[in-house]
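Next come the chains, spelled out residue by residue.
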Amino acid sequence: MPKTYSETHNTQLKQPEPSRWVSIFRHIKRDRQLLLLFIPCIVFFALFRYGPMYGLIIAFKNYDVWSGITGSEWVGLEHFRTFFSSPDFFKLFKNTILLGFYTLLIGFPFPIIFAILLNEVRILWFKKSIQTVSFLPSFLSIVIVSSMLIDFLSPSSGIINDIIAALGFEKIYFLVEPSWFRTVYIGSDIWQLMGYESILYLAAIAGISPDLYEAAKVDGATRWDRIRYITLPGLMPTILILFIIKAGNMFRIGFEKILLIYNPMTYEVADVFSTYVYRQGLLQANYSYAAAVGLFEGIIALVMLLIANLLSRRLGGKSLW
């Protein structure tokens, strides 16, 4: 029997599916310009991120410079057992988790609040001036910020202590008293990064349709109502993604600022995993032990990132993957 029109038409529409490699080649050909721009990023991560990971093997060896990585004696988990049984372990774990948690709890909302308040300013020149001033500290290096902290908080010539003395109170040794270290660290972190991080939230606010605000005004919504029911929901995807990143990095506290402002008087509250690795690895040349501590820190940071990603997916449906 001759084929009907529909059967002939369906036969013509059915094309053999290309093989997997042909499909990949077509995607590469289509996105070749973007992939070309991405090559420097791939090279950077291959050379400076994934390549050095081979050196992590010294955490399981008694590394000797003259014998090299492959020629050093294999000791397995000995360095990890030594670290876990050390009295420094609980101190380092406590200091690292507390500094990271306080920084996340106190420092994370500041850029959000600042961006919302700045968005409500209607005087354009004042808004731009405040944004510029708040953004400037992010250009300063950690060394400069730490030097400013040391100068401003100096008990002899620091402006902060001069103000305290002028008000009739006793001067405070901020960088020597352990009870003040975390406050100084978190406060300086907020001051330096608040303006830079607020740009991300301002960009997210700019993406919210102005028609929503106009409709809310017509319906009689106050400024607080517009912030609560339009701005905050519009910011929520950005907030969740940045929260995941911040929470994942909560355990990986950079050692630069701590190294520059702490001292033996504040070791009890200031010493964290990264500064401990620096002292053990570079100052005492205990490379295998330092690599074991650093590997443990990295594993815990990865676990924190996975937990934060899971919680964000459960609460708001947003995740990094």
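These numbers come from a predicted model, not from an experiment.

**Student:** Would you explain the nonpolar core in this entry?
**Tutor:** The tendency in soluble globular proteins is for nonpolar side chains to be buried as a group. In this structure, Phe181, Tyr201, Leu235 and Ile258 are the most contacted members of the largest nonpolar core, which totals 42 residues. Residue assignment for this core shows that the elements contributing at least two residues are helix H6 (88–107), helix H7 (109–120), helix H11 (178–206), helix H12 (210–218), helix H13 (223–248), helix H14 (255–261) and helix H15 (267–270). The element that contributes the greatest number of residues to this core is H11, accounting for ten residues. The contacts of Ile258, once residues within four sequence positions are left out, are Leu99, Phe181, Tyr185, Ile253, Ala270, Val272 and Thr275. Core analysis: the next-biggest nonpolar cluster, separate from the first, contains ten residues, Phe83, Leu92, Tyr289 and Val293 among them.

**Student:** Any chance you could explain the UniProt feature "domain: ABC transmembrane type-1" (unreviewed entry) in the protein here in plain terms?
**Tutor:** Per the UniProt record, "domain: ABC transmembrane type-1" (unreviewed entry) is annotated on residues 93–308. From the first C-alpha to the last, residues 93–308 spans 19 Å; its make-up is 77% helix and 0% strand.

**Student:** Even after reading the chapter, I still don't get the UniProt feature "transmembrane region" (unreviewed entry) in the protein, so can you show me in this structure?
**Tutor:** Per the UniProt annotation, the sites labelled "transmembrane region" (unreviewed entry) are residues 34–60, 97–118, 130–150, 190–208, 229–247 and 287–311. As annotated, residues 130–150 has a helix share of 71% and a strand share of 0%, and its two end C-alpha atoms lie 25 Å apart. Between the end C-alpha atoms of residues 190–208 the distance is 26 Å, and the span holds 89% helix and 0% strand.

**Student:** Could you clarify how one ought to interpret the packing of H7 against H13 in this entry?
**Tutor:** Any two packed helices are characterised by how steeply their axes cross, that is the angle between the axes, and by the distance between the axes. Where H7 contacts H13, the two axes come as close as 11 Å, and the packing angle between them is 130°. The orientation of H7 relative to H13 falls into the category oblique. The crossing of H7 and H13 is right-handed. Judged by residue contacts, Ile112, Ile116 and Glu120 of H7 engage Arg223, Ile227, Thr231, Leu232, Leu235 and Ile239 from H13.

**Student:** Sorry, what's going on with the environment of Leu105 here?
**Tutor:** With respect to the element layout, Leu105 can be found in helix H6. We classify Leu105 as exposed; its relative accessible area is 51%. Separated by 142 residues in the primary sequence, Leu105 and Ala247 place their C-alpha atoms 9.8 Å from one another.

**Student:** What is the right way to look at the environment of Gln131 in this model?
**Tutor:** In this fold, Gln131 is placed in helix H8 (residues 124–135). Note on Gln131: relative accessible area 25%, which makes it partly exposed. Separated by 92 residues in sequence, Gln131 and Ile39 have C-alpha atoms that sit 35 Å apart. Discounting chain neighbours no more than four positions away, the residues touching Gln131 are Leu118, Ile199 and Leu202.

**Student:** Looking at this structure, how should I read the pattern of salt bridges?
**Tutor:** Side-chain pairs of opposite charge can arise whenever the charged atoms involved come near each other. Applying the stated criterion across every chain, the model contains eight salt bridges. Between Lys91 and Asp88 there is a salt bridge; the shortest N-O distance is 3.8 Å. Here Asp88 and Lys91 lie together in helix H6, a separation of three residues that amounts to about one turn. Notably, a salt bridge pairs Lys171 with Asp162, separated by 3.9 Å at the nearest N-O pair. On the basis of relative accessibility, which here comes to 33%, the residue Lys171 falls in the partly exposed class. A cluster of three or more residues bridged by salt bridges with shared partners is formed by Glu120, Arg122 and Arg223.

**Student:** Is there a simple way to think about H11 in this case?
**Tutor:** Turn by turn, an α-helix covers 3.6 residues, leaving residues three or four places apart pointing in a common direction. Spanning 29 residues, H11 covers 43 Å between terminal C-alpha atoms, matching the ideal 42 Å at 1.5 Å per step. Residue Met194 marks the point of greatest curvature in H11, where the axis turns by about 50°.

**Student:** Would you explain a nonpolar patch on the surface in this entry?
**Tutor:** A surface patch of nonpolar side chains, amounting to about 990 Å² of accessible area, comprises Leu36, Ile39, Val43, Phe44, Phe45, Leu47, Phe48, Tyr50, Met53 and Leu56. Counting through the fold element by element, Phe48 comes out in helix H3 (residues 32–50). Residue classification places Phe48 among the exposed positions, given a relative accessible area of 52%.

Thresholds, definitions, all that
- Residues numbered from 1 in each chain as written.
- Predicted model: local features only at pLDDT ≥ 70, side-chain atom pairs only at ≥ 80, totals over all residues.
- Heavy atoms only, no water.
- Core = buried A, V, L, I, M, F, W, Y, C linked by side-chain atoms within 4.5 Å.
- Buried < 20%, exposed > 50% of the residue type's maximum accessible area, 1.4 Å probe, protein only.
- Helix = DSSP H or I, 4+ residues; strand = E, 2+ residues; numbered from the N terminus.
- Contact = heavy atoms within 4.5 Å.
- UniProt positions renumbered as here; feature names shortened; annotations may be inferred.
- Axes fitted to C-alpha atoms, helices over the stretch in contact; angles between N-to-C directions.
- Parallel < 35°, antiparallel > 145°, perpendicular 65-115°, else oblique.
- Left-handed = near helix turned anticlockwise from the far one by under 90°.
- Salt bridge = Lys/Arg side-chain N within 4 Å of Asp/Glu carboxyl O.
- Expected span 1.5 Å × (residues − 1).
- Bend = angle between axes of the 7 residues up to and from the residue.
- Patch = residues over 30% accessible without salt bridge, like charges linked within 9 Å, V, L, I, M, F, W, Y side chains within 5 Å.
- Areas by Shrake-Rupley, 256 points an atom, 1.4 Å probe, with all protein chains shown as cover.

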